[in-house]
Amino acid sequence: MNKILETMNLTSGYGDITIIDNISIYLESSEIVTIIGPNGAGKSTLLKAIFGMLPIFNGDVKFKENSIAGRNPSEIVSLGASFVPQTENIFPSLSITENLEIGGYQRSDNFQEQLDKMFQLFPELAKKSNEKASNLSGGQRQSLALARALMLDPVMLLLDEPSAALSPVMRQFIFEKIKEIAALGVGILMIEQNAEEALRQSDRGYVLAGGKIAFHDTAQAILANPEVGQLFLGIQKEK
Amino acid sequence: MDFLIIENSYLLLTATGVMNWFVGFLTTFAIFAIMALALNIQWGFTGIFNFGVVSFFMVGAYTSALFTIGPPGEYENYIMGFELPILFGWFAAMITSGIVALLIGLPTLRLQRDFLAIATIGIAAILRAVALSTEGFVNRARGMNGIPRILGDVVSGPDYKWVLLAITLTTLVIVYLLVEKITASPWGRVLRSIRENEETTKSVGKDTVNYRMQAFVLGAMIMGLGGAIWAHRMTSIDPEAFNDLFGTFLIWTMVMVGGNGSNKGAVMGAFLCCTFWFGFPLIQESLPDILGNKVFQLREISIGVLIILFLLYKPNGVIPEKPKISRHL
Amino acid sequence: MEEILQLVVFGIVIGSIIGLGSMGLTLSYGITKFANFAHGDIMSLAMYIAYFIVVDLGLMGPTVFSLSFGWGMFLAIAVTIILLAIFSIAIDKLIYKKLRRDKSNIVTMAIASLGVGIIIRAVVTMFWGPFARNFVPGIHEAVPITGNILIKPDQIFIIALTIVVTIVMYYLLYHTKLGKAMRATADNPDLAAVSGININNILAYTWAITGALTAVAGIMLGIQAQVYINLGFNLLLPMFAAVILGGIGNPWGALIGGFVVAISSEVSTAWIATGYKPAVPFVILIIMLIVRPRGIFGSNI
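Computed from a prediction, not measured in an experiment: that's the story for all the values here.

Parameters and conventions
Residues numbered from 1 in each chain as written. Chains lettered and ligands numbered in written order. Predicted model: local features only at pLDDT ≥ 70, side-chain atom pairs only at ≥ 80, totals over all residues. Heavy atoms only, no water. Contact = heavy atoms within 4.5 Å. Buried area = accessible area lost by both parts, 1.4 Å probe. Salt bridge = Lys/Arg side-chain N within 4 Å of Asp/Glu carboxyl O. Polar contact = N/O pair within 3.5 Å; in protein donor to acceptor, adjacent residues only side chain to side chain. Helix = DSSP H or I, 4+ residues; strand = E, 2+ residues; numbered from the N terminus. Patch = residues over 30% accessible without salt bridge, like charges linked within 9 Å, V, L, I, M, F, W, Y side chains within 5 Å. Areas by Shrake-Rupley, 256 points an atom, 1.4 Å probe, with all protein chains shown as cover. Buried < 20%, exposed > 50% of the residue type's maximum accessible area, 1.4 Å probe, protein only. Nonpolar A, V, L, I, M, F, W, Y, C, P; charged D, E, K, R; others polar. Lys, Arg positive; Asp, Glu negative; His and termini not counted. 1 Å grid on protein atoms, 1.4 Å probe; cavity = no way out; pocket = protein on both sides within 12 Å on 5 of 7 lines; lining within 4 Å. Points joined across faces, edges and corners; volume = space filled by probe spheres on them. Phe/Tyr/Trp six-rings, centres within 6.5 Å; stacked < 30°, edge-to-face > 60°. Lys NZ or Arg CZ within 6 Å of the ring centre and 35° of its normal. Pairing = 2+ DSSP bridges.

Trainee: Hey, could you run me through the interface of chain C and chain A in this one?
Mentor: Reports often express the size of an interface as the amount of accessible area lost when the parts come together. Each partner contributes residues to the interface: chain C has 18 residues there, and chain A has 23 residues. Regarding the contact of chain C and chain A, the summed buried area is about 1,800 Å², with carbon and sulfur atoms giving 57% of it. Scanning the region where chain C abuts chain A turns up 2 salt bridges. Ionic pairing is found between A:Glu98 and C:Arg183, a salt bridge with its closest N-O pair at 2.9 Å. There are 8 residue pairs in polar contact (both at pLDDT 80 or more) connecting chain C and chain A. Counting only elements with at least two residues in the side of chain C that touches chain A, the list comes to α6 (177-187) and α7 (189-194) of chain C.

Trainee: When you look at a nonpolar patch on the surface in this model, what are you seeing that I'm missing?
Mentor: Residues and elements named next belong to chain B. A contiguous nonpolar patch, built from Phe91, Ile95, Ile99 and Leu103 and spanning about 400 Å² of accessible area, is present on the exposed surface. Among the structural elements, Phe91 can be located in helix α4 (residues 86-108). Residue Phe91 is classed as exposed on the basis of its relative accessible area of 52%.

Trainee: Looking at this structure, how should I read the interface of chain B and chain C?
Mentor: With 38 residues of chain B in contact, the opposing surface of chain C contributes 40 residues. Regarding the contact of chain B and chain C, the summed buried area is about 3,300 Å², with carbon and sulfur atoms giving 84% of it. Considering only the side of chain B, the residues that lose the most area to chain C are B:Phe115, B:Ile118 and B:Leu312, jointly responsible for 19% of the buried surface there. Summed over the shared surface of chain B and chain C, the result is 0 salt bridges. At the boundary of chain B with chain C, the tally comes to 3 residue pairs in polar contact (both at pLDDT 80 or more). Residue assignment for the side of chain B that touches chain C shows that the elements contributing at least two residues are α4, α5 (113-133), α10 (244-258) and α13 (295-313) of chain B. Top element by residues in the side of chain B that touches chain C is α5(B). It accounts for 13 residues. Among the residues forming the side of chain B that touches chain C, the class breakdown is 27 nonpolar, 6 polar and 5 charged.

Trainee: Quick question: what am I supposed to make of the side chain of A:Glu161 here?
Mentor: Turning to its location among the elements, A:Glu161 is positioned in the loop between β8 (156-160) and α7 (168-183). Despite its burial, A:Glu161 pairs with no opposite charge, the nearest such side chain being A:Lys43 at 4.7 Å.

Trainee: Which parts of the structure should I look at to understand the layout of surface pockets?
Mentor: One way to see where empty space is left: roll a probe the size of a water molecule over the atoms. As a volume, the second largest pocket reaches approximately 1,700 Å³. If you go around the second largest pocket, you meet 47 residues; those closest to its centre are C:Tyr228, C:Asn230, C:Leu231, C:Phe233 and C:Asn234. In terms of residue count, the dominant contributor to the lining of the second largest pocket is α5(B) (6 residues). Along the lines of polarity and charge, the residues of the lining of the second largest pocket split into 30 nonpolar, 9 polar and 8 charged.

Trainee: What exactly am I supposed to notice about the packing of aromatic side chains here?
Mentor: By the definition in use, this model includes 40 aromatic pairs over all chains. Chaining the aromatic ring pairs together yields one cluster made of B:Phe32, B:Phe57, B:Tyr62, B:Trp230, B:Phe242, B:Phe246 and B:Phe278. For A:Lys3, the ring lying beneath its charged end belongs to A:Tyr26, and the centroid distance is 4.7 Å.

Trainee: How do you make sense of the pairing of β8(A) when you look at a structure like this?
Mentor: All names here are of chain A. In terms of burial, β8 is a largely internal element, 5 of the 5 residues being buried. Of the two faces of β8, the one lined by Met156, Leu158 and Asp160 and the one lined by Leu157 and Leu159 are each fully buried. Bridge count for strand β7 (residues 81-84) against β8 is 4 bridges, and the pairing is parallel. Pairing of Phe83 across the sheet is with Leu158, part of β8. Bridging between β8 and strand β9 (residues 187-191) involves 5 bridges; their strand directions are parallel. By the bridge assignment, Leu157 is partnered in β9 with Ile188.

Trainee: Got a minute to help me understand empty space enclosed by the protein in this structure?
Mentor: Going through the model one piece at a time under the given rule, you end up with 4 cavities of 30 Å³ or more. Estimates place the volume of the largest cavity at around 60 Å³. Surrounding the largest cavity, C:Asn36, C:Ala38, C:Ile42, C:Phe87, C:Ser88, C:Ile91, C:Asp92, C:Tyr96, C:Val116 and C:Trp207 form its lining. Across the lining of the largest cavity, the residue classes tally to 7 nonpolar, 2 polar and 1 charged. Of the pockets and cavities examined, the second largest cavity occupies roughly 40 Å³. Elements with a minimum of two residues in the lining of the second largest cavity: α10 of chain B together with α4 (106-128) of chain C. Counting residues per element, the lining of the second largest cavity draws most heavily on α10(B), at 3 residues. Its residues placed into classes, the lining of the second largest cavity shows 4 nonpolar, no polar and 2 charged.

What follows is the structure in structure tokens.
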């Protein structure tokens, strides 16, 4: 057991409105964990609270055994965590290489090495390295967003709906990349609307409803659970 | 008042002086309160970022002047000069300001808020340039002189200031009651919801640009009225007098200090700012010489500091708007 | 034809001033997202700081290279750049920072900036009076470029300085880590923050660079025209026009926008009375706002 992330009774929200209440989850190295749940359940709020983008009303967040509650995103990044927002997750007017340079902003050494690693992982980006990011297609943008987040060699990656607005082929591609990244030893916590597809790639899953954890099990168990399937996955199938 | 005359002639001098100043001050306050109420419709209730208040101040003043003044004499060169009754001048001022607002609003009201501010502050500069540069329009930099006084042919002498005060205060009361009624109406509620969230308001089927235009034009008409009263009160106006500091920023300060979205606040803000602005030069005597002749700059510095302090520490003003937002339009 | 060419030359000189001023305005606009209505007055402040150094302190020195001024002006430019960089950061920390924290919208910040502008104008008037002054008294002779088209050595200096500053800015924004971080922050501040960039540092650097550009533009304006408090504010509208023309946050767009606005204003005087010249940038502005509010070149740096 190597928990890199652990939230303890985490409560957070916007202004004085509580959105997520008493959340306790954990993440291990190399693990892919998906949080599913209906719209408005507080999935994005949870990720933002973990990453220091929202105030924590109660509870604690531990990253590599140390509390990161109250730290700002730039400090959390320097500790080895990374975050990919759902939308606007690239710098459109910067070139591909510049996007990755910003990803590695806190890096002082071996920048070129890491850049080459990213271009190996995402060869389609290497071909366009000097082009503006705004010229990229949807799937390439998502690749760039992932690559940017990996520039500092993080041990944990938070992904906000990485497959949203992608074609089925591109979704498959991105999920494969996510598995490759996890295989490198990175723990991945993601939230997903395409719940069934995401759970098939995951080790474990949490079901978030009404700001609380409603259910927690291995991904296979959740997929096999008729109750959860009907409540949270059936909706996806009908789409 | 008579007892003052008997008691002490020296006191009479000062007391009359104080009285005169105070009557003049209240008249000015009433005009500015009308302007502040007008801006409150645009900014306070609707969120229209009009940085060109002085444009409508100026249009109203010039329109009423041109309709009511006599034909141009020697060395003068302006249009119209119809010698019409002052009430007609006021009416024309409101209509003209409304039309100017409509013309300005058509291209600009769709813009995002700060763009609108840039556009409206620009229009004020253009109007001044036109008034200064166009021969045979409004007498250029020489300005309009000899604008008739309100009821000037009926009252004169020391009584005039009282009549003027009574008329401006009455106008203020009428404008206040009108604005209160309008802003409390369902129409006013739509304006507030536009200010809070234009997208949501649009989504329930309200043509928000149209509502913004209505509020912009209504506010401009009232500003035009304020300008008209101002012209007849001053009896001479020129383009340089309508600067951004005096005609726009001061009125903005009133609304921000008073509490935007509150009509009582706008009037209170006008009173506080007028007291500050017109009372400030009175401290000149008590300042050391080195500062005494800088009293006008000190006043400008103080008003700048005042608005910044309010924005920082009392953003809702002295009389904040009561929350009236309803979720149901 | 010669008249038009002469006006174009003059437009290039004025365009240099408006262009550099707009570059500063657009950088802070792009990152802070609010329209700084004090920008013109800070430009005026720059000329008075320079005036204080070269005239009040008497540091001008003998004239150099046929220019109307001496080495003291170069010193004044350097000192003013530093002072305005510090001043711009200080205003941000004192006023705008708190308004940002209070989630005040861009409108509140714009009104506050108008207040800052009014304070600056009043303070300058308090110390130097309301009348126009000159860095150097007397008329400065113009020299012919070709035929009857003339230019003053001071104006050549203004154009040359603009080229130098533009090259420095290009290097800074495209070839330094700070510049790339600034562009990233203007592009997407939230993502810049989760990439580990300290946004407050970037804001401070942006204000410093804005202050420096404003200093150079303001002093150039004082050299070209006069040292007069209203000059900066009068350029506010042309600068906003240039900024919107070039796309908010885009310094090259702002520079080109500055030339477009200035040259068209100057050339327009061949047909319309000089008094209407202020209307030209405004017409450009309104057309841009209606037709292409994101600017000709887009809002990207």
